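Structure assessment
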Amino acid sequence: MTHLLNVDTLNFEQLQRLVERALLFKGKKAWPQHSKHRMAALFYENSTRTRISFELAAVNLSIPVIHFDSAGSSESKGEVFQDTFSNLVAMGLDLFVVRHRQEEFYKILLPLCPPGVHLINAGDGAHAHPSQALLDLMTLREHKPLLPDCKVAIVGNISHSRVAKSLQFLFQQIGLRDLVLVAPPLWQPSSVIFGKVTDSLEEGLDNADVVICLRIQKERFLNDDHLDLDTYIRQFRLTASRLLAAKKDVIVMHPGPLNRGLELDSEIADGKHSCILQQVTNGVFMRMAIIDWLLGS
Ligand code: NCD
């Protein structure tokens, strides 16, 4: 594999291999060295977890990380994204982790990648977030060995969520028995990749093995996407009493950043069912596995 742009191009064996590799990296402290490579994270949208974990993953693999600040780059002087990218390639950078609000931005960059240059999509608008879906799969694997037999509910702002889209592809690929996408009608997706859509949180939580909450992504709202947040809190916030409808060993996940009290209560976020920080930990190892794979180890 040369680039990681989406999860829809990964087959079952490739998914398995990435998870195995990430788990292996998690279990030991001696990792492959890729010190001849140079990485830059080009983030045109804010990020804490994704950016830092990709940078840490590179450092763990002995890859120097070159700092890039989109606000301080020459794009503020009129240079276009493509020219910035070509200049960084010309300097000898060969691994790029890119997050951009423009969906499928990589279609513009791919023709500018000479052989040996690798591109990782770290989130493109509301379209895809492959590394998040993969680290979620790793976390699920640690808790639910019989994942295909499970019921998973993804709850919240589905229509704006790149995480929800990538997860749908991934759950389809692994043959998940039951995926329920829970959202108020205003935030239901116009086209469903996989799963059943409902506006009933009760239906989603009933007997669920896994609940994945999503952030309310206000920055992606168009004029008619604004739902009254008090209504959302009343009907969709994950609370301890609502979670009782799920299985006793249910796990709760969230890609972060969390809005406590809006998407879920602190009692849940910090409680015994929560795997949210474990997802963050796994993010480093999954991103190591992705980089290692692209660099051909
Ligand atoms: C997600 C993202 O940016 O798409 N967060 C993340 O990468 N950890 C989810 C979100 O911002 O809502």
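Residues numbered from 1 in each chain as written. Predicted model: local features only at pLDDT ≥ 70, side-chain atom pairs only at ≥ 80, totals over all residues. Heavy atoms only, no water.

1. Some remarks on the overall build of the protein
A count of helical and extended segments in the protein gives 11 helices and 9 strands. In terms of overall dimensions, the protein is globule-like: its C-alpha atoms have a radius of gyration of 19 Å, near the 19 Å expected for 297 residues. Its C-alpha atoms give the protein principal-axis dimensions of about 55 × 45 × 30 Å. For the protein, the residues scored as buried account for 55% of the 297 residues in total. A separation threshold of at least 6 residues defines the contact pool for the protein, and within that pool the share at least 24 residues apart is 77%. (Helix = DSSP H or I, 4+ residues; strand = E, 2+ residues; numbered from the N terminus. Rg over C-alpha atoms; globule rule 2.2 N^0.38 Å. Buried < 20%, exposed > 50% of the residue type's maximum accessible area, 1.4 Å probe, protein only. Contact = heavy atoms within 4.5 Å.)

2. Overview of the nonpolar core
Residues L134, I154, F171, M286 and I291 are the most contacted members of the largest nonpolar core, which totals 82 residues. Here this core takes 10 residues from helix α11 (residues 276–294), the largest share from any one element. Setting aside residues up to four positions removed in sequence, M286 forms contacts with L18, V19, A22, S131, L134, L135 and M138. (Core = buried A, V, L, I, M, F, W, Y, C linked by side-chain atoms within 4.5 Å.)

3. Describing helix α8 (residues 229–236)
All of the buried residues in α8 are T231, Y232 and F236. Across the axial projection of α8, the buried residues extend over an arc of 100°, all falling on one side. Set apart from the buried face of α8 by more than 90 degrees, the exposed residues are D230 and R234. (Arc of directions from axis to C-beta.)

4. Points about the packing of aromatic side chains
Per the counting criterion, the structure on display carries 8 aromatic pairs. Summarising the aromatic geometry, the rings of W31 and F285 are spaced 6.4 Å apart at their centres and angled 55° between planes, so their arrangement reads as tilted. Of this pair, W31 sits in the loop between α1 (12–27) and β1 (39–43) while F285 sits in helix α11; the two residues are 254 residues apart in sequence, bridging distant segments of the chain. Looking at F285, the relative accessible area reads 9%, which means it is buried. Both rings, one in Y232 and one in F236, keep their centres 5.3 Å apart while their planes meet at 20°; by these two values the pair is stacked. Placement of both Y232 and F236 in helix α8 is noted, with a separation of 4 residues, approximately one turn of the helix. Neither residue differs from the other here; Y232 and F236 are each classed as buried. Here the aromatic cluster, defined as three or more aromatic residues joined through ring pairs, consists of Y44, F68, F81, F105 and Y106. (Phe/Tyr/Trp six-rings, centres within 6.5 Å; stacked < 30°, edge-to-face > 60°.)

5. Describing the site of the ligand
In the region of the ligand, the neighbouring residues are R49, T50, R99, H129, Q132, R162, V163, R215, Q217, P255, G256 and P257. T50 places a side-chain nitrogen or oxygen 2.9 Å from an oxygen atom of the ligand. At 3.0 Å, a side-chain N or O of R99 approaches an oxygen atom of the ligand. Protein chains bury 94% of the 310 Å² of accessible surface belonging to the ligand in isolation. Elements with a minimum of two residues in the shell around the ligand: α2 (49–60) and α6 (162–174). Residues of the shell around the ligand, tallied by class, amount to 3 nonpolar, 5 polar and 4 charged. (Near = heavy atom within 4 Å. Polar contact = N/O pair within 3.5 Å; in protein donor to acceptor, adjacent residues only side chain to side chain. Areas by Shrake-Rupley, 256 points an atom, 1.4 Å probe, with all protein chains shown as cover. Nonpolar A, V, L, I, M, F, W, Y, C, P; charged D, E, K, R; others polar.)

6. Quick look at the packing of helix α5 (residues 130–143) against α11
Helix-helix packing is characterised by the crossing angle of the two axes and by the distance between the axes. Packing of α5 against α11 leaves a shortest axis separation of 8 Å and a crossing angle of 115°. Judged by the sense of rotation from one axis to the other, the crossing of α5 with α11 is right-handed. Between α5 and α11, the contacting residues are S131, Q132, L134, L135, D136, M138, T139, E142 and H143 on the first element and Q278, Q279, N282, G283, F285, M286, R287 and I290 on the second. In terms of residue class, the contact of α5 with α11 is built from 6 nonpolar, 8 polar and 3 charged. (Axes fitted to C-alpha atoms, helices over the stretch in contact; angles between N-to-C directions. Left-handed = near helix turned anticlockwise from the far one by under 90°.)

All we've got here are geometric facts, nothing functional implied.
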